[in-house]
Amino acid sequence: DTGVSQNPRHKITKRGQNVTFRCDPISEHNRLYWYRQTLGQGPEFLTYFQNEAQLEKSRLLSDRFSAERPKGSFSTLEIQRTEQGDSAMYLCASSLIWGADTQYFGPGTRLTVL
Amino acid sequence: AQTVTQSQPEMSVQEAETVTLSCTYDTSESDYYLFWYKQPPSRQMILVIRQEAYKQQNATENRFSVNFQKAAKSFSLKISDSQLGDAAMYFCAYRIITGANSKLTFGKGITLSVRP
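If you're wondering where the values come from, they're calculated on a predicted model, not measured in any experiment.

Caption draft 1: Representation of the layout of surface pockets in the model. Its boundaries defined by the atoms lining it, the largest pocket holds a volume of some 630 Å³. Looking at the largest pocket, it is lined by 22 residues, and the ones nearest its centre are A:Glu44, A:Phe45, B:Gln2, B:Thr105 and B:Phe106. Looking at the lining of the largest pocket, the elements that each hand over two or more residues are β5 (44-50) of chain A together with β1 (3-5) and β11 (105-106) of chain B. Top element by residues in the lining of the largest pocket is β1(B). It accounts for 3 residues. Taken together, the residues of the lining of the largest pocket sort by class into 7 nonpolar, 10 polar and 5 charged.

So, in structure tokens, the structure goes:
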């Protein structure tokens, strides 16, 4: 078990470009979460999946953001027409459904929009 | 809406001493979990300790323990025998138990420095 992995670790893009991030959860974890963290702040919830189903989306997730988890394993988060305000660390976490449902986090993808 | 407040942005502790990090939360729910996560400079979030609200006994994990006061909605973290490796940002987080709502709500975090 190698934990939650995220790729790329860093992404620099120009305003208006599209970017896609990938998250590979801990194997056998049914739930997968995306959070966004800006400098000096705690993570803010964006969305989460239970298997393939996207069960909740934050109002922070504008129509430029889309997330998928097509086979209930890895997930992708796409941001279209990036804006400077999208610059942040994007964190992925996974958990089991049962028990305390403790979320285990990946290292994050740091996005810089120029 | 649930909120988590960490009013101390920074704290410092001498190596081998004890430090307490404060956290308060606001919720109308009766069943929930509370967590402390540590985020070292490498930025990967690590679970430190978890408390179920229905348990009266305070959780402990080696040098880490909590003081959970449900009526006061207070959840502080005590780190005993502080080590240099404890230097990090610490986040308090909350999650309700019931229903499909599984998201964590985090506070703004506390930066803990450890003096050798």
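Read on, since the account is not over.
Caption draft 2: Molecular detail of the interface of chain A and chain B. Listed per partner, the contact involves 24 residues of chain A and 20 residues of chain B. Interface of chain A and chain B: buried area, both sides summed, is about 1800 Å²; carbon and sulfur atoms make up 49% of it. Between chain A and chain B we count 1 salt bridge in total. Between A:Glu56 and B:Lys103 there is a salt bridge, with the nearest N and O atoms lying 3.7 Å from each other. Across the chain A-chain B interface, the total number found is 5 residue pairs in polar contact (both at pLDDT 80 or more). Among the elements that line the side of chain A that touches chain B, the one with the most residues is strand β4 (residues 31-37) of chain A, at 4 residues. Each residue belonging to the side of chain A that touches chain B can be placed in one class, and the counts come to 11 nonpolar, 8 polar and 5 charged.

Caption draft 3: Representation of the sheet that holds strand β1 (residues 5-7) of chain A. Residue and element names in this part refer to chain A. On the basis of which strands lie adjacent, the open sheet formed by 4 strands has the order β1-β3-β8-β7 and antiparallel pairing. In the strand order of this sheet, the two ends are held by β1 and β7 (65-68), each with one partner. Geometrically, the sheet is characterised by an average inter-axis angle of 15° between neighbouring strands, direction not taken into account. Pairing of strand β3 (residues 19-24) with strand β8 (residues 75-79), which is carried by 5 bridges, proceeds in the antiparallel orientation. Bridging across to β8, Val19 finds its partner in Ile79.

Caption draft 4: Main features of the nonpolar core. Counting residues in each nonpolar core, the largest one holds 27 residues, and the members touching the most others are B:Leu21, B:Tyr25, B:Trp36, B:Phe75, B:Leu77, B:Ile79 and B:Tyr90. Those elements giving two or more residues to this core turn out to be β3 (19-21), β5 (32-39), β6 (46-52), β8 (64-69), β9 (74-79), β10 (88-96) and β12 (110-115) of chain B. Looking at which element gives the most residues to this core, the answer is β10(B), with 5 residues. Formed by 19 residues, the second largest nonpolar core is a distinct cluster that contains A:Cys23, A:Leu32, A:Ala88 and A:Cys92.

Cut-off values and rules
- Residues numbered from 1 in each chain as written.
- Chains lettered and ligands numbered in written order.
- Predicted model: local features only at pLDDT ≥ 70, side-chain atom pairs only at ≥ 80, totals over all residues.
- Heavy atoms only, no water.
- 1 Å grid on protein atoms, 1.4 Å probe; cavity = no way out; pocket = protein on both sides within 12 Å on 5 of 7 lines; lining within 4 Å.
- Points joined across faces, edges and corners; volume = space filled by probe spheres on them.
- Helix = DSSP H or I, 4+ residues; strand = E, 2+ residues; numbered from the N terminus.
- Nonpolar A, V, L, I, M, F, W, Y, C, P; charged D, E, K, R; others polar.
- Contact = heavy atoms within 4.5 Å.
- Buried area = accessible area lost by both parts, 1.4 Å probe.
- Salt bridge = Lys/Arg side-chain N within 4 Å of Asp/Glu carboxyl O.
- Polar contact = N/O pair within 3.5 Å; in protein donor to acceptor, adjacent residues only side chain to side chain.
- Pairing = 2+ DSSP bridges.
- Axes fitted to C-alpha atoms, helices over the stretch in contact; angles between N-to-C directions.
- Core = buried A, V, L, I, M, F, W, Y, C linked by side-chain atoms within 4.5 Å.
- Buried < 20%, exposed > 50% of the residue type's maximum accessible area, 1.4 Å probe, protein only.

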